[in-house]
Amino acid sequence: MPVATTNLRALTSWVGIARLSAIVLSCLAFSLVASTGLFMGPYGTWCMFTWCFCFTVTLLVLLLELLELYPLLPLSWDDFTAAFSMLAALMVFTSSVVYPATLISSPCSSSQCARQAVASTASCLCFLAYAVEVSLTRAKPGDISSFLSTVPGLLKVFEAYVACLIFSLLDAYSGEPGLMWCVAVYSICFIFTLLIIIFTIGRCLTYIPCPLEKVLVGYNFLALLMYLTATILWPLYSFRGQSRPDSCGRDCSWNKHLGITFLTIFNLIAYLVDLVYSTRMVFFRAPP
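Report follows, based on the coordinates. Because the structure is a prediction, the values reported are computed rather than measured.

What counts and how
- Residues numbered from 1 in each chain as written.
- Predicted model: local features only at pLDDT ≥ 70, side-chain atom pairs only at ≥ 80, totals over all residues.
- Heavy atoms only, no water.
- Helix = DSSP H or I, 4+ residues; strand = E, 2+ residues; numbered from the N terminus.
- Areas by Shrake-Rupley, 256 points an atom, 1.4 Å probe, with all protein chains shown as cover.
- Contact = heavy atoms within 4.5 Å.
- Salt bridge = Lys/Arg side-chain N within 4 Å of Asp/Glu carboxyl O.
- Buried < 20%, exposed > 50% of the residue type's maximum accessible area, 1.4 Å probe, protein only.
- Core = buried A, V, L, I, M, F, W, Y, C linked by side-chain atoms within 4.5 Å.
- Expected span 1.5 Å × (residues − 1).
- Disulfide = S-S within 2.5 Å.
- Phe/Tyr/Trp six-rings, centres within 6.5 Å; stacked < 30°, edge-to-face > 60°.
- Lys NZ or Arg CZ within 6 Å of the ring centre and 35° of its normal.
- Axes fitted to C-alpha atoms, helices over the stretch in contact; angles between N-to-C directions.
- Parallel < 35°, antiparallel > 145°, perpendicular 65-115°, else oblique.
- Left-handed = near helix turned anticlockwise from the far one by under 90°.
- Nonpolar A, V, L, I, M, F, W, Y, C, P; charged D, E, K, R; others polar.

Attention shifts here to the overall build of the protein chain. Helix and strand counts for the protein chain come out as nine helices and zero strands. For the protein chain, the accessible surface area stands at approximately 15200 Å², while carbon and sulfur atoms represent 72% of it.

So this is what it looks like as C-alpha cells:
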C-alpha cells in the first residue's frame, strides 16, 4: 500500500506560491460576490463558476503535489497542470472583464458595490497569479517532454477556449450557407483540438501509428485555412446590408456577431503562431 509523503517544496517553490496566491484570491473573489448576492443571470453564474472551479482544482493540485500522490494518477501530470493553469488564466481573465462590465452599476457608492469592486480586483490579481504559473511552468525552448507546456500546447488550450466563447455567442445562423460553414469550422477545429489535449493528458498519443509531430503540423495548416475562410465569410454574411441598431443592448445579435468576428480573428492568429512554432519544432530542430 503506497504511503503518502510530504513535499514542502510544493508550497515554498515559486510555482507553489503562485498557486497559493490563486487559491486565496479566487476564494476572496467568490466569497465577496456571494456576500452581495448579485451574481444571478448567465454572466454572474459564469463568473462564480469560474472562481469556484479554479479554487477547487488548484487546491486539489496543491494537495496532490504536497502529499506526492499525483504519480498514482493515470495521466501526464505536467501536461495536466500546464493545461489547467492556462485554462484557469483564460477563464479568470474573462471573468475579470465580464463581472465589472455587466454587474457593477455606476456610480459605485454603496458598501455592496465596494465589495464587488474588491472582488473584481481580487479576480484580476488571481489572473496574474495563474499567468505567473504559466510562465514558470512553460517548457524551455527545445524541451518537448511535456507537450502542453510548450508554446504550441498552450496555444491548443487557447484555441479550444476561444472556440467555447464563440459557441456561447452563437444565436441565429441557420439558413445562411456561409454562416453554417463558419459554425462547422468552429466545431471541427474545436473537436480535434480538444481531442489532442485529452489524448496528450491521457498519454494516448504514443499509440497513434504515424509521425504525430508532422500530423499536428498538417492539422494546424488545415485549421489555419479553415479559419481564414471563416474570418472572411462570418462578417460578410453577418453584417451584409445591416448596420448597428440604435437600441442594441447587451444581448443584441449584432453585438454577438461582432464579438464572434473578433474571436475568429484571435483564433486565426493563434493557429498561425501555432503553425509557425510547430513547424520550427519539427523541421528546424537545433542539432544536439
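A word on the environment of Pro 235. Mapped onto the secondary structure, Pro 235 falls in helix α8 (residues 212-238). Setting aside anything within four residues of it in sequence, one finds Pro 235 in contact with Ala 230, Arg 240 and Thr 261.

Turning our eyes to something else, we now look at the pattern of salt bridges. This structure, assessed with the given rule, holds three salt bridges. A salt bridge links Arg 19 to Glu 133; the nearest nitrogen and oxygen atoms lie 2.9 Å apart. Linking Arg 19 in helix α2 (residues 14-36) with Glu 133 in helix α5 (residues 111-137), this pair joins segments that are 114 residues apart in sequence. There is no split in this pair, since Arg 19 and Glu 133 are both buried. With a closest N to O distance of 2.4 Å, Asp 274 and Lys 156 form a salt bridge. With Asp 274 in helix α9 (residues 253-283) and Lys 156 in helix α6 (residues 151-169), this residue pair connects regions lying 118 residues apart in the sequence. Overall, Asp 274 belongs to the buried group, its relative accessible area being 0%. A relative accessible area of 1% means that Lys 156 is categorised as buried. Via salt bridges that share partners, Arg 19, Glu 65 and Glu 133 belong to a single interconnected network.

The next thing to look at is the nonpolar core. In terms of nonpolar packing, the biggest core is built from 67 residues, with Trp 51, Tyr 130, Tyr 186, Cys 189 and Tyr 227 touching the most fellow members. Of all the secondary structure elements, the ones that give two or more residues to this core are α2, α3 (41-66), α4 (77-103), α5, α6, α7 (177-201), α8 and α9. When residues of this core are assigned to their parent elements, the largest contribution, 11 residues, is made by α4. Residues in contact with Tyr 186, not counting those within four places in the same chain, are Ala 163, Ile 166, Phe 167, Tyr 227, Ala 230, Trp 234, Ile 260 and Thr 264.

Turning to α5, a few remarks are in order. For α5, spanning 27 residues, the distance from its first C-alpha to its last is 39 Å, which sits close to the expected 39 Å at 1.5 Å a residue. Turning to α5, its buried residues number three or more, namely Cys 113, Gln 116, Ala 119, Ser 120, Ala 122, Ser 123, Cys 126, Ala 129, Tyr 130, Glu 133 and Val 134. In this fold, the buried residues of α5 make contact with α2, α3, α4 and α6.

Attention now goes to the state of the cysteines. By definition, a disulfide links two cysteine residues through a covalent bond between their sulfur atoms. Under the defined criterion, the tally for this structure stands at zero disulfides. Between Cys 52, a cysteine without a disulfide, and Cys 27, which holds the nearest cysteine sulfur, the sulfur-to-sulfur distance is 8.8 Å. Looking at Cys 52, the relative accessible area reads 29%, which means it is partly exposed.

As enumerated under the stated definition, the model contains 15 aromatic pairs in all. Measuring from centroid to centroid gives 5.2 Å for Tyr 70 and Trp 77, while their planes differ by 20°, and the two rings are stacked. Note on Tyr 70: relative accessible area 28%, which makes it partly exposed. Aromatic pair Phe 84 and Tyr 130: ring centres 6.2 Å apart, planes at 90°, arrangement edge-to-face. Here Phe 84 is found in helix α4, whereas its partner Tyr 130 is found in helix α5, with 46 residues between them in sequence. The burial state of Phe 84 is the same as that of Tyr 130; both residues are buried. The aromatic ring of Tyr 277 is capped on one face by Arg 280, whose charged end is 5.8 Å from the ring centroid.

Two elements in contact, α3 and α4, have axes whose closest approach is 9 Å; the angle formed by their N-to-C orientations is 150°. By the angle between their axes, α3 is roughly antiparallel relative to α4. Like other packed secondary-structure pairs, α3 and α4 cross with a definite hand, here left-handed. Of the residues assigned to the contact of α3 with α4, the class counts are 19 nonpolar, seven polar and one charged.

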